[in-house]
Amino acid sequence: LRDNITLTKVATIIGIDISDDTLITGINTLKDATKSEVSFLHSDKYAKDLETTQAKAVIVNEQSASLVPSTSIALVVDNPYSSMAELSKLFSKELQDCREKAYISDSATVGEGTIILAGAYIGDNAKVGKNSIIHPNVSIYHDCEVGDNVIIHANTTIGSDGFGFAPNVDRSYTKIYQNGNVVVEDDVEIGANCAIDRAVFDSTIIKCGSKLDNLIHIAHNCIIGEHSVITAQNGIAGSTTLGRNAVLGAQSGIAGHLEIAAFTTVAARSGITKSIKEEGKSWAGFQFFEMKTWLKLQAKIARLLK
Amino acid sequence: LRDNITLTKVATIIGIDISDDTLITGINTLKDATKSEVSFLHSDKYAKDLETTQAKAVIVNEQSASLVPSTSIALVVDNPYSSMAELSKLFSKELQDCREKAYISDSATVGEGTIILAGAYIGDNAKVGKNSIIHPNVSIYHDCEVGDNVIIHANTTIGSDGFGFAPNVDRSYTKIYQNGNVVVEDDVEIGANCAIDRAVFDSTIIKCGSKLDNLIHIAHNCIIGEHSVITAQNGIAGSTTLGRNAVLGAQSGIAGHLEIAAFTTVAARSGITKSIKEEGKSWAGFQFFEMKTWLKLQAKIARLLK
Amino acid sequence: LRDNITLTKVATIIGIDISDDTLITGINTLKDATKSEVSFLHSDKYAKDLETTQAKAVIVNEQSASLVPSTSIALVVDNPYSSMAELSKLFSKELQDCREKAYISDSATVGEGTIILAGAYIGDNAKVGKNSIIHPNVSIYHDCEVGDNVIIHANTTIGSDGFGFAPNVDRSYTKIYQNGNVVVEDDVEIGANCAIDRAVFDSTIIKCGSKLDNLIHIAHNCIIGEHSVITAQNGIAGSTTLGRNAVLGAQSGIAGHLEIAAFTTVAARSGITKSIKEEGKSWAGFQFFEMKTWLKLQAKIARLLK
């Protein structure tokens, strides 16, 4: 992808000082790496792939360095997975701004270094910070705010109306106009085809460093704590607050008006219907259970079947 | 947001005749309202917030009027929640039509007062009625019909092909072209990133007054009854008919070719696999249970765990 | 829809030689077909509709031919459902290319006969094959490849970044740039509002003939086998491989790093957490069970409730 990246340059990025002019074309797994690629070992289960790897160099920790075959160069670091992550940027495609093919309201502001791709929509008085990437066909409604170093993937909607209606006597509904906004703080990444609703009053907030996968629904007035990780197809109902560093397994749902303690982990396909007060616990299932209890239940169900 | 809205004007909208030139900037909760905002009390659980509210005026019913502190003006109505809903429109942002940045087929028709935002797509022979709002990057396929006073949020698809394929002897599939359309009747609101498929023959219909949240899948030939409420991430399989005023909790699914009686309520994360004939009942779970039975089951499971 | 289609022409397409100049306007069910439409019988449960059908002609197999009333013409074929599918194309709307209202990178290539609709995005070095249809507001990221005879419905995203982050000591995350791509092989159809992530290294692959419904999440480095059928709102986590002709019921999820044998069927709303080695089996539930076991469990739960 990028031209003229030497192994010396690769090594420098992860804090290693060697001199080797071999051109490196990318990163790959131990199994698939070619002689012009670097690889990495971050888990014992891949150790067997070390013996036969073709990689020019392998990022490893101290303990595993001796396992690197003589045909590869060992690049020894404290945390090979983090070093691989740092290095991955070097081989990424540089995107070109294309805002002349996007819609940016005259009253919107876009910070320096931000890349807006074709088909994106940035509404009235919306603000996008610096060095962010707004992918194709993303729709950011009026008055919403997006921070610095944010990435929003294609076809995601930021600031659609929260789902609020007052029932009428004749069984029809009157719309409650959603006059708040969405605030996406710095260093957030949001996947493709997500929908994050604006608040009825005040703001729906995605706090700094949070990472959202694809096809996620965040309802009005939710607050997602710092550095939370929300995997694909989660839905969070209105006015729920997640503490920092929450981790939600895929296809889970959290009911509305709950408070979820910091450092909470939720297994995939769980339904959370009550607030969680204790920090740092893991939960699973629907009616939900602490993970240990859930596994016990699965075992009892298995016995019930015999 | 809007300029020069006096308390007199606010009161008039909800049927109260007072004279007060205080400028009002918005609606907010009792807790967060400032001295230039109005608030409302619609549930006893917020009554405690009345004592300390800063709101200039509070919309309340007769019984609670005496609880409004002397620092606020009581606006007494029959149904505070409905009055708040009516009022919310006054403070909403006026959207500007931007159809020159959208795609509207020459053979499509768009009614008076309808606002089309940038990036929207309206295909051949599609019809959009009056006073509707088509948000950015909405895609309305050819021959689909959207009524009056409809709101469709960003990145939603109306009229994609239903999922129909005939299996071949060699285990490949032949596409069944979907030559029907989608009809969205008057007063419907559809959230962001939904997909509503066109019928194979005839029409997929969303009847008047229905409200759909985000990320919802409606398959080909479904009929959604009047004033139904479908919350986020629901999926309804092909040829299923919902009676009027159905209410579906989030992340539920309904199998195909079913008939769901009017006024049916379904709990969040349920899977409905049989038709429901009796009107006005509530259901939960998967294999699904009447709500009472489901709660009993949860209790039995809890005991099983002891 | 199309003009001047005679019954003779209709019959020819499904391999029948008759001469009848009646103009045919479409296909419909036995119940709804008018005198200018053809219908079909593909299941005994619709046999009762034969007696009263108004259809000009009915596609039937040998055994049912005698049931067609004298007011309709029997079109006798081996497989009526397949013949109806073949015929459906004749009545479909011809779409017009509108690439001047789409974004196609200068370095992208688009094959002959492919139709690109307004608002679509095709990034740098992306390749789209021949006779494909890219619907409105589809986003195809840089370096992705789409084959021949592929249909991608509106607002779908191909090639968004896989969800990969390395945890840091301070509990923040470092992005792992996703430098692979997505390959969509020939004859694939992908529904509306899907998100298919690019691989971290190498390719996420949707193999030839596979059919995906709406709102589906395919994570990085998945491989979807030939002629698989994935219904709406499924999610497949990273690096999972589906064998050929897998069939996934709606709203199911498959965990990451699994291998699912060819010809596997999964019931709706299942969660698959282990690899499946035996070909051609059916599975259901979460913690998942073979279908027979799951049905037994449902029966036991029903008894538990008594």
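Computed from a prediction, not measured in an experiment: that's the story for all the values here.

A. Representation of the overall build of chain A in the model. What chain A contains, in helices and strands, is four helices and 33 strands. Evaluated residue by residue, chain A yields a buried proportion of 59% over its 306 residues. In chain A, the proportion of contacts linking residues at least 24 apart, taken out of those at least 6 apart, comes to 18%. When the accessible area of chain A is evaluated, it comes to approximately 12,100 Å², of which 49% is carbon and sulfur surface. In chain A, 28 positive and 35 negative side-chain charges are present, and the distance between their average locations comes to 10 Å.

B. Focus on the interface of chain C and chain A. Counting residues at the interface gives 56 residues for chain C, matched by 56 residues for chain A. Of the roughly 4,400 Å² buried where chain C meets chain A, counting both sides, 60% is carbon and sulfur surface. Scanning the region where chain C abuts chain A turns up two salt bridges. Between A:Lys93 and C:Asp143 there is a salt bridge, and its shortest N-O distance comes to 2.9 Å. Across the chain C-chain A interface, the total number found is 27 residue pairs in polar contact (both at pLDDT 80 or more). Only β14 (157-160), β15 (165-167), β16 (173-175), β19 (195-197) and α4 (291-304) of chain C provide two or more residues apiece to the side of chain C that touches chain A. In terms of residue count, the dominant contributor to the side of chain C that touches chain A is α4(C) (four residues).

C. The relation of the copies chain A and chain B, seen in detail. The two copies are related by a screw operation: chain A maps onto chain B through 120 degrees of rotation and 0.0 Å of translation along the axis, at an RMSD of 0.0 Å. One copy is carried onto the other by what is essentially a three-fold rotation axis.

D. Region of the structure containing the packing of aromatic side chains. This model, assessed by the stated rule, comprises nine aromatic pairs over all chains. With a centroid separation of 6.0 Å and 55 degrees between ring planes, the pair formed by A:Phe40 and C:Phe201 is classed as tilted. Of this pair, A:Phe40 sits in strand β2 (residues 37-40) while C:Phe201 is found in the loop between β19 and β20 (203-206), placing the two residues in two different chains. Of the two residues, A:Phe40 and C:Phe201, neither departs from the other in class, the shared state being buried. Pairing A:Phe163 with A:Phe165 gives two aromatic rings, centres 5.1 Å apart and planes at 80 degrees, and the pair type is edge-to-face. Judged on exposure class, the residue A:Phe163 and its partner A:Phe165 are both buried. The ring centre of C:Tyr177 lies 5.4 Å from the NZ or CZ of C:Lys175, which sits over that ring.

E. Examining the interface of chain A and chain B more closely. Contacts between the two partners involve 56 residues from chain A, matched on the other side by 56 residues from chain B. Interface area, chain A with chain B, both sides summed: about 4,400 Å², of which 60% is carbon and sulfur. Where chain A packs against chain B, one counts two salt bridges. Residues A:Lys175 and B:Glu189 are paired through a salt bridge, measuring 2.8 Å at the closest nitrogen-oxygen approach. When residues of the side of chain A that touches chain B are traced back to their parent elements, those giving at least two are β14 (157-161), β15 (165-167), β16 (173-175), β19 (195-198) and α4 (291-304) of chain A. Looking at which element gives the most residues to the side of chain A that touches chain B, the answer is α4(A), with four residues.

F. Quick peek at the pattern of salt bridges. Evaluation of the coordinates by the stated rule reveals 18 salt bridges over all chains. One salt bridge in this structure joins B:Lys175 and B:Asp161, with 2.7 Å as the shortest N-O distance. On the criterion of sequence distance, the pair formed by B:Lys175 in strand β16 (residues 173-175) and B:Asp161 in strand β14 (residues 157-161) is long-range, its members being 14 residues apart. In this structure, B:Lys175 and B:Asp161 share a single accessibility class: buried. Overlapping salt bridges, with partners in common, bring together A:Asp161, A:Lys175 and B:Glu189 in one network.

G. Summary view of the sheet that holds β20(C). Residue and element names in this part refer to chain C. Reading across from one edge, β6-β9-β12-β17-β20-β23-β26-β29 is the order of the eight strands in this open sheet, with parallel pairing throughout. Taken across any chain shown, the strands that pair with only one partner, and hence form the sheet edges, are β6 (109-110) and β29 (259-260). Note: β20 against strand β23 (residues 223-224), two bridges, orientation parallel. Paired with isoleucine 205 across the strands is isoleucine 223, a residue of β23.

H. Structural detail: the nonpolar core. C:Ile140 and C:Ile218 are the most contacted members of the largest nonpolar core, which has 42 residues in total. Dropping the residues within four chain positions of it, C:Ile140 is found in contact with C:Tyr121, C:Ile122, C:Gly123, C:Ala126, C:Val128, C:Ile134, C:Val146, C:Ile152 and C:Ile158.

I. Expanded view of the sheet that holds strand β31 (residues 271-272) of chain B. Residues and elements named next belong to chain B. Strand order in this open sheet of nine strands is β5-β8-β11-β14-β19-β22-β25-β28-β31, and the pairing throughout is parallel. Where the open sheet ends on each side, the last strands, each with one partner, are β5 (103-104) and β31. With two bridges connecting them, strand β28 (residues 253-254) and β31 associate as parallel partners. Its bridge partner being in β31, glycine 253 is matched across the sheet by glycine 271.

J. Representation of empty space enclosed by the protein. Inspection of the entire model under this criterion finds five cavities of 30 Å³ or more. Taken as a whole, the second largest cavity holds about 60 Å³ of empty space. Across the lining of the second largest cavity, the residue classes tally to three nonpolar, four polar and five charged.

K. Here's a closer look at the pairing of strand β19 (residues 195-198) of chain B. All names here are of chain B. Both β14 and β19 contribute to a ladder of four bridges, which runs parallel. Its bridge partner lying in β19, aspartate 161 is registered against arginine 198. Pairing analysis gives two bridges linking β19 to strand β22 (residues 217-218), with the strands arranged parallel. Paired with isoleucine 196 across the bridge in β22 is isoleucine 218.

L. Spatial organisation of the side chain of C:Thr231. Residues and elements named next belong to chain C. Within the secondary structure layout, threonine 231 lies in the loop between β24 (229-230) and β25 (235-236). Within the local environment of threonine 231, its side chain forms a polar contact with the backbone oxygen of glycine 249, the two atoms lying 3.5 Å apart. For threonine 231, the side chain forms a polar contact with the main-chain nitrogen of alanine 250, separated by 2.7 Å.

M. Structural detail: the environment of B:Ile140. Among the structural elements, B:Ile140 can be located in strand β11 (residues 139-140). Assessed through its relative accessible area of 0%, B:Ile140 is described here as buried.

N. Representation of the relation of the copies chain C and chain A within the structure. For the match of chain C to chain A, the screw axis carries a shift of 0.0 Å, the RMSD comes to 0.1 Å, and the turn is 120 degrees. When the interface residues of chain C are mapped onto chain A, a mere 12% of them again lie at the interface, so each copy presents a different face.

O. Spatial organisation of unusual backbone geometry. Its identity as a non-glycine residue notwithstanding, A:Gln233 has a phi of 65 degrees, on the positive side. By the secondary structure assignment, A:Gln233 is in the loop between β24 (229-230) and β25 (235-236). With relative accessibility at 9%, the residue A:Gln233 sits in the buried group. Positive phi, close to 70 degrees, is recorded for B:Arg171, a residue that is not glycine. One can find B:Arg171 in the loop between β15 (165-167) and β16. In this structure B:Arg171 comes out as partly exposed when scored by relative accessible area, which is 42%.

Conventions we followed
- Residues numbered from 1 in each chain as written.
- Chains lettered and ligands numbered in written order.
- Predicted model: local features only at pLDDT ≥ 70, side-chain atom pairs only at ≥ 80, totals over all residues.
- Heavy atoms only, no water.
- Helix = DSSP H or I, 4+ residues; strand = E, 2+ residues; numbered from the N terminus.
- Buried < 20%, exposed > 50% of the residue type's maximum accessible area, 1.4 Å probe, protein only.
- Contact = heavy atoms within 4.5 Å.
- Areas by Shrake-Rupley, 256 points an atom, 1.4 Å probe, with all protein chains shown as cover.
- Lys, Arg positive; Asp, Glu negative; His and termini not counted.
- Charge placed at Lys NZ, Arg CZ, Asp CG, Glu CD.
- Buried area = accessible area lost by both parts, 1.4 Å probe.
- Salt bridge = Lys/Arg side-chain N within 4 Å of Asp/Glu carboxyl O.
- Polar contact = N/O pair within 3.5 Å; in protein donor to acceptor, adjacent residues only side chain to side chain.
- Least-squares fit on C-alpha atoms with pLDDT ≥ 70 in both.
- Phe/Tyr/Trp six-rings, centres within 6.5 Å; stacked < 30°, edge-to-face > 60°.
- Lys NZ or Arg CZ within 6 Å of the ring centre and 35° of its normal.
- Pairing = 2+ DSSP bridges.
- Core = buried A, V, L, I, M, F, W, Y, C linked by side-chain atoms within 4.5 Å.
- 1 Å grid on protein atoms, 1.4 Å probe; cavity = no way out; pocket = protein on both sides within 12 Å on 5 of 7 lines; lining within 4 Å.
- Points joined across faces, edges and corners; volume = space filled by probe spheres on them.
- Nonpolar A, V, L, I, M, F, W, Y, C, P; charged D, E, K, R; others polar.

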